[in-house]
Amino acid sequence: MGKRRQARALALKALYLMEYSAAGPEEAVASAEGIEGGEEGLRDFACRLAAAAHRNLGEIDRMIVAAADNWSLKRMAVVDRNILRLGAAQLVFMGAEIPPKVAIDESIELAKTYGEEESPRFINGILDRIYREMQNRRGEGGDR
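Residues numbered from 1 in each chain as written. Predicted model: local features only at pLDDT ≥ 70, side-chain atom pairs only at ≥ 80, totals over all residues. Heavy atoms only, no water.

**Re the overall build of the protein**
For step 1, the next point in the chain: When helices and strands are counted, the protein shows seven helices and zero strands.
For step 2, the next point in the chain: Put simply, the protein runs from its N terminus to its C terminus through helices and strands in the order α-α-α-α-α-α-α.
For step 3, the next point in the chain: Taking 15 Å as the expected radius of gyration for a compact globule of 144 residues, we find that the protein reaches 14 Å, a close match to that expectation.
For step 4, the next point in the chain: Here the C-alpha coordinates of the protein stretch approximately 40 × 30 × 30 Å along the principal axes.
For step 5, the next point in the chain: Buried positions account for 46% of the 144 residues belonging to the protein.
For step 6, the next point in the chain: The contacts in the protein between residues at least 6 apart in sequence include a share of 65% that link residues at least 24 apart.
For step 7, the next point in the chain: As displayed, the protein offers around 7,600 Å² of accessible surface, 48% of which is attributable to carbon and sulfur atoms.
For step 8, the next point in the chain: Where the 21 positive side-chain charges of the protein centre and where its 23 negative ones centre are 3 Å apart. (Helix = DSSP H or I, 4+ residues; strand = E, 2+ residues; numbered from the N terminus. Rg over C-alpha atoms; globule rule 2.2 N^0.38 Å. Buried < 20%, exposed > 50% of the residue type's maximum accessible area, 1.4 Å probe, protein only. Contact = heavy atoms within 4.5 Å. Areas by Shrake-Rupley, 256 points an atom, 1.4 Å probe, with all protein chains shown as cover. Lys, Arg positive; Asp, Glu negative; His and termini not counted. Charge placed at Lys NZ, Arg CZ, Asp CG, Glu CD.)

**Describing the side chain of Arg8**
For step 1, the next point in the chain: With respect to the helices, strands and loops of the structure, Arg8 is situated in helix H1 (residues 3-19).
For step 2, the next point in the chain: Buried and without a salt bridge, Arg8 has Glu106 as its closest oppositely charged side chain, separated by 4.3 Å.
For step 3, the next point in the chain: Excluding anything up to four places from it in sequence, Arg8 contacts Phe45, Leu49, Leu86, Gln90, Ile98, Val102, Glu106 and Leu110. (Salt bridge = Lys/Arg side-chain N within 4 Å of Asp/Glu carboxyl O.)

**As for the packing of H1 against helix H3 (residues 42-55)**
For any two helices packed against each other, the geometry comes down to the angle between their axes and how far apart the axes lie.
For step 1, the next point in the chain: It is the contact of H1 with H3, at a shortest axis distance of 8 Å, that shows an interaxial angle of 45°. Taken together, the axes of H1 and H3 lie oblique to each other. The element H1 and its partner H3 pack so that their crossing is right-handed. Only Leu42, Phe45, Ala46, Arg48, Leu49, Ala50, Ala53 and His54 of H3 make contact with H1, whose side of the interface consists of Lys3, Arg4, Gln6, Ala7, Arg8, Leu10, Ala11, Ala14, Leu15 and Met18. (Axes fitted to C-alpha atoms, helices over the stretch in contact; angles between N-to-C directions. Parallel < 35°, antiparallel > 145°, perpendicular 65-115°, else oblique. Left-handed = near helix turned anticlockwise from the far one by under 90°.)

What follows is the structure in structure tokens.
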């Protein structure tokens, strides 16, 4: 597993921890890293990912709900919900650093590892809708 994918997994675990505690992104990443015995260099990228999701949580959650027909956030599995938050943060708030295709593909990989059997399709569908909506707002067309 590549370093950035490991950092994304660490950020996902941090978001999960943050959902059930008052920890901020750095503290949650440090806790998740302590559990996992993280490698040098993963923490910075994981913190930036977790912080982008945390800082923009309200907007990200609104985008997810709008893209997820007939699904509320509470109905989603906790892991899926946090994979979506992480993916949306990368798509919307880190686009200059992370290409959309990478953000979506890496989210699907996280879903394959940490989610249920249907999670990868679910994650792909919602993130693809968020990405297409972003393109429509910008007046862009085309595929990712």
